[in-house]
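Notes for the structure review
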Amino acid sequence: VQAQVESGGRSVQAGGSLRLSCAVSGDRSSYGCVAWFRGREAVAAIFPAYGTTYYDYSVRGRFTISQDAAERTVFLQMDNLQPEDTAVYYCATGPGHMQWDHQWEYTSWGQGTRVTVSS
C-alpha cells in the first residue's frame, strides 16, 4: 500500500499563496473521498466521482480543493494565508461512504508537507 505523496509546502509571508499537490495512491476504485488536513483537522475534501467539495469554515473563501482531469492529483490552492494556517498538511483518502470531516474514517495518509506562514 502506497501512501499519498504531498508536495508544495514552503515558507510564505502572510497574505501569500501556495498550491499543494497530492499524488493519490491506489486505484480510483479504492477511494471515494480525498481530503486535506491542516494538522489533525480536515479543512477541505472532495468526492471525485461527483466533484462535491467541503470546507471547514476557517478556510472557506481562501482555500480551494480541486482535481486534475485524470483524477490522479488533488490540489489545494491556498490564498490569503495567515499565520494560523501554519501546520503540516496531510492528504488522506477514504471510502465514498463516509463523513468528510471524520478523521477516523480515512484509511490512507501521506507523510505531510510543511507550510509556514510568517507575519
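As shown above, the structure is provided for reference.
If you're wondering where the values come from, they're calculated on a predicted model, not measured in any experiment.

A few words now on the packing of aromatic side chains. What the rule picks out here adds up to 5 aromatic pairs. Taking 6.1 Å as the distance between ring centres and 65° as the angle between the ring planes, the aromatic pair formed by Tyr106 and Trp109 counts as edge-to-face. We classify Trp109 as partly exposed; its relative accessible area is 28%. Taken together, the ring pairs connect Phe37, Tyr106 and Trp109 into an aromatic cluster. Cation over ring: Arg19 sits above Phe75, and NZ or CZ is 4.3 Å from the ring centre.

Considering the arrangement of structural elements, one finds Arg38 in strand β4 (residues 33-38). Using a relative accessible area of 13% as the deciding quantity, one classes Arg38 as buried. Measuring from C-alpha to C-alpha, the distance between Arg38 and Tyr90 comes to 6.7 Å, with 52 residues separating the pair along the chain. A distance of 2.9 Å separates polar atoms of two side chains, one belonging to Arg38 and the other to Ser58.

A word on the sheet that holds strand β3 (residues 18-23). Strand order across the open sheet formed by 4 strands is β1-β3-β8-β7, with antiparallel pairing between neighbours. Two strands bound the open sheet, and with one partner strand each, they are β1 (5-7) and β7 (63-67). For this sheet the average axis-to-axis angle between neighbouring strands, irrespective of direction, equals 15°.

Let us now look at the state of the cysteines. In the structure shown here, the tally under the stated rule is 1 disulfide. Cys22 shares a disulfide with Cys91; S-S distance 2.0 Å. Because the sign of the S-S torsion sets the handedness, a value of about -75° for the bond joining Cys22 and Cys91 places this disulfide among the left-handed ones. Placement of the pair is Cys22 in strand β3 and Cys91 in strand β9 (residues 87-94), with a sequence separation of 69 residues. Residue class for Cys91 comes out buried when judged on its relative accessible area of 0%. The thiol of Cys33 is unpaired, and the distance to the nearest cysteine sulfur, on Cys91, comes to 9.8 Å. Residue Cys33 is classed as buried on the basis of its relative accessible area, which comes to 0%.

About the criteria used
Residues numbered from 1 in each chain as written. Predicted model: local features only at pLDDT ≥ 70, side-chain atom pairs only at ≥ 80, totals over all residues. Heavy atoms only, no water. Phe/Tyr/Trp six-rings, centres within 6.5 Å; stacked < 30°, edge-to-face > 60°. Buried < 20%, exposed > 50% of the residue type's maximum accessible area, 1.4 Å probe, protein only. Lys NZ or Arg CZ within 6 Å of the ring centre and 35° of its normal. Helix = DSSP H or I, 4+ residues; strand = E, 2+ residues; numbered from the N terminus. Polar contact = N/O pair within 3.5 Å; in protein donor to acceptor, adjacent residues only side chain to side chain. Pairing = 2+ DSSP bridges. Axes fitted to C-alpha atoms, helices over the stretch in contact; angles between N-to-C directions. Disulfide = S-S within 2.5 Å.

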